[in-house]
Amino acid sequence: MKSTYNIDLSYDDNYAAGPDFSGDLPDLAALNSGLPPATFLGRAVNSAFGVPAGPLLNSAYIELYARLGFDLLTYKTVRTGYAPSHPFPNVRAVEASPGWYQTSGEKPVLYTRAALDESRPQPDLSITNSFGMPSKEPAVWMADVARAKASLQSGQTLVVSVVGTSRLGYTLEDLAQDFAQAASMAVQAGADAVEANLSCPNVRSGEGSLYQSPAAVGSVAKALSAALGKTPFLLKMGYLEDRRLVREVLEAAAGGGAAGLAAINTIPARVYTAPEQQALPGEGRLVSGICGAGIHEAGLAMAARLLEARREAGLTKDSFSLVGVGGVMTARDALQYLKLGADGVQSGTGAMWNPYLAVELKQLLKTAFPSQ
Ligand SMILES: Cc1cc2nc3c(=O)[nH]c(=O)nc-3n(C[C@H](O)[C@H](O)[C@H](O)COP(=O)(O)O)c2cc1C
């Protein structure tokens, strides 16, 4: 199947043209009837399944995926000021063999793969994506978030992803305040919940690696909590192997007032088209984030570590939510995260190349959990 984001066009062209989709839309009333009850961040939802920050560039994408039956819809990361996208290309298919990310020391090396045969499903697809977290001016994205919110069906939730912008001379506290300002704007514009991205590998400034520091996680959480009051917020984490660090980060997030964590973001690699030929042009773009099938195992492992850390910290699903992300390419993959205990699950790469993933998961949920 073809991606709804055309990887042969620039980010700006995809933003302007809207999603590339001409298929049939499901009958949502029929699709949602008979599903097991689900909640997300204290709200009743049709299902705890959706799309993480990224593939839904603006309200046109949010509206399409809402109509396709995805219920946890995340608006791609925005900032307190305009930021351009990294240059084209921004998405390329890569070869990622099992366990590729388990290296010590330098970042692993991956190679791009030949053009995709988009006439068939892509359950084994891994990609690299590198946008640098572009953002429209707040006035533009806020008006668009309001449109996105208005396009939602009942039982759906709009999460807006935000990031703080690190400016010259900024302390951690200044950066945390910038996160909080972006989050307040998102709520003012109509977000049901906010997600703060602490884990983008495609930026060279410090905001992409905050998730590795419990102190930084705590600072951002406290600033968001003070700014948002009752509106729930999640923190988006990257992949971590060290169980103790996972527990410290989770406790810092919960202690700072976060409603939960979403993990994982993409895993960084050095990406080449051929030996010594950098795949994505430009300084600082040798390393870019990998997602899709190649991070499925890592996403599940991280979800298991987070669930264990939550138990050890004496927290429960009612007090602290965990959203599983990473390599959900099929309905069975999504069910695997839910069966593990994740409170929500989202598919990025999978949902781009298979817009019917929510339909397929809902059909599977009805078989796996038939209503009495
Ligand atoms: C096209 C694309 C753009 C992305 N942009 C963002 C972003 O702006 N903010 C963010 O937190 N994550 C971003 N991500 C990462 C996803 O939210 C997700 O963590 C990652 O892709 C792993 O999920 P997947 O394997 O289902 O794709 C992006 C992913 C893709 C595929």
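The structure displayed is predicted, hence computed values, not measured ones.

Rules used in this analysis
- Residues numbered from 1 in each chain as written.
- Predicted model: local features only at pLDDT ≥ 70, side-chain atom pairs only at ≥ 80, totals over all residues.
- Heavy atoms only, no water.
- Axes fitted to C-alpha atoms, helices over the stretch in contact; angles between N-to-C directions.
- Helix = DSSP H or I, 4+ residues; strand = E, 2+ residues; numbered from the N terminus.
- Parallel < 35°, antiparallel > 145°, perpendicular 65-115°, else oblique.
- Left-handed = near helix turned anticlockwise from the far one by under 90°.
- Contact = heavy atoms within 4.5 Å.
- Nonpolar A, V, L, I, M, F, W, Y, C, P; charged D, E, K, R; others polar.
- Polar contact = N/O pair within 3.5 Å; in protein donor to acceptor, adjacent residues only side chain to side chain.
- Near = heavy atom within 4 Å.
- Areas by Shrake-Rupley, 256 points an atom, 1.4 Å probe, with all protein chains shown as cover.
- 1 Å grid on protein atoms, 1.4 Å probe; cavity = no way out; pocket = protein on both sides within 12 Å on 5 of 7 lines; lining within 4 Å.
- Sits in = over half its atoms within 2 Å of the grid points.
- Expected span 1.5 Å × (residues − 1).
- Buried < 20%, exposed > 50% of the residue type's maximum accessible area, 1.4 Å probe, protein only.

A. Inspection of the packing of helix α7 (residues 243-255) against helix α8 (residues 296-312) at higher detail. Interaxial distance between α7 and α8 falls to 9 Å at its minimum, and their mutual angle equals 60°. Relative to α8, the element α7 lies oblique. Judged by the sense of rotation from one axis to the other, the crossing of α7 with α8 is right-handed. Two secondary-structure elements touch here, α7 through Arg-243, Val-246, Arg-247 and Leu-250 and α8 through Met-302, Arg-305, Leu-306, Glu-308, Ala-309, Arg-310 and Glu-312. A breakdown of the residues in the contact of α7 with α8 according to their chemical character gives five nonpolar, no polar and six charged.

B. Structural view of the packing of helix α9 (residues 331-340) against helix α11 (residues 357-368). At a closest axis distance of 9 Å, the pairing of α9 and α11 adopts a crossing angle of 55°. Compared by their axis directions, α9 and α11 come out oblique. The way α9 lies across α11 gives a crossing that is right-handed. In this structure, α9 contributes Ala-331, Arg-332, Ala-334, Leu-335 and Leu-338 to the contact, and α11 contributes Leu-357, Glu-360, Leu-361, Leu-364, Leu-365 and Ala-368. In the contact of α9 with α11, the residues fall into nine nonpolar, no polar and two charged.

C. Inspection of the environment of Lys-362 at higher detail. Secondary-structure assignment places Lys-362 in helix α11. Separated by 313 residues in sequence, Lys-362 and Phe-49 have C-alpha atoms that sit 9.1 Å apart. Of the polar contacts made by the side chain of Lys-362, one reaches the backbone oxygen of Gly-69; its length is 2.7 Å.

D. Structural context of the site of the ligand. Taken together, the neighbourhood of the ligand is formed by 23 residues, with Ala-53, Lys-76, Thr-77, Gly-327 and Thr-349 sitting nearest. Take Ala-53: an N or O atom from its main chain is 2.6 Å from an oxygen atom of the ligand. Ile-264 places a main-chain nitrogen or oxygen 2.8 Å from an oxygen atom of the ligand. In the complex, 98% of the free accessible area of the ligand, which totals 600 Å², lies under the protein chains. Assessed atom by atom at 2 Å from the grid points, the ligand resides in the largest cavity. Listed by contribution, the elements that provide at least two residues to the shell around the ligand are β4 (72-78), β7 (126-129), β14 (287-292) and α10 (349-353).

E. Summary view of helix α5 (residues 172-189). Across its 18 residues, α5 extends 26 Å between first and last C-alpha, which sits within 8% of the 26 Å expected from 1.5 Å per residue. Among the residues making up α5, those that are buried are Leu-175, Ala-176, Asp-178, Phe-179, Ala-180, Ala-182, Ala-183, Met-185, Ala-186 and Ala-189. Buried residues belonging to α5 abut α4 (138-150), β8 (157-162), β9 (193-197) and α6 (214-228). Positive phi appears at Gly-190, one or two residues downstream of α5, with a value of about 130°.

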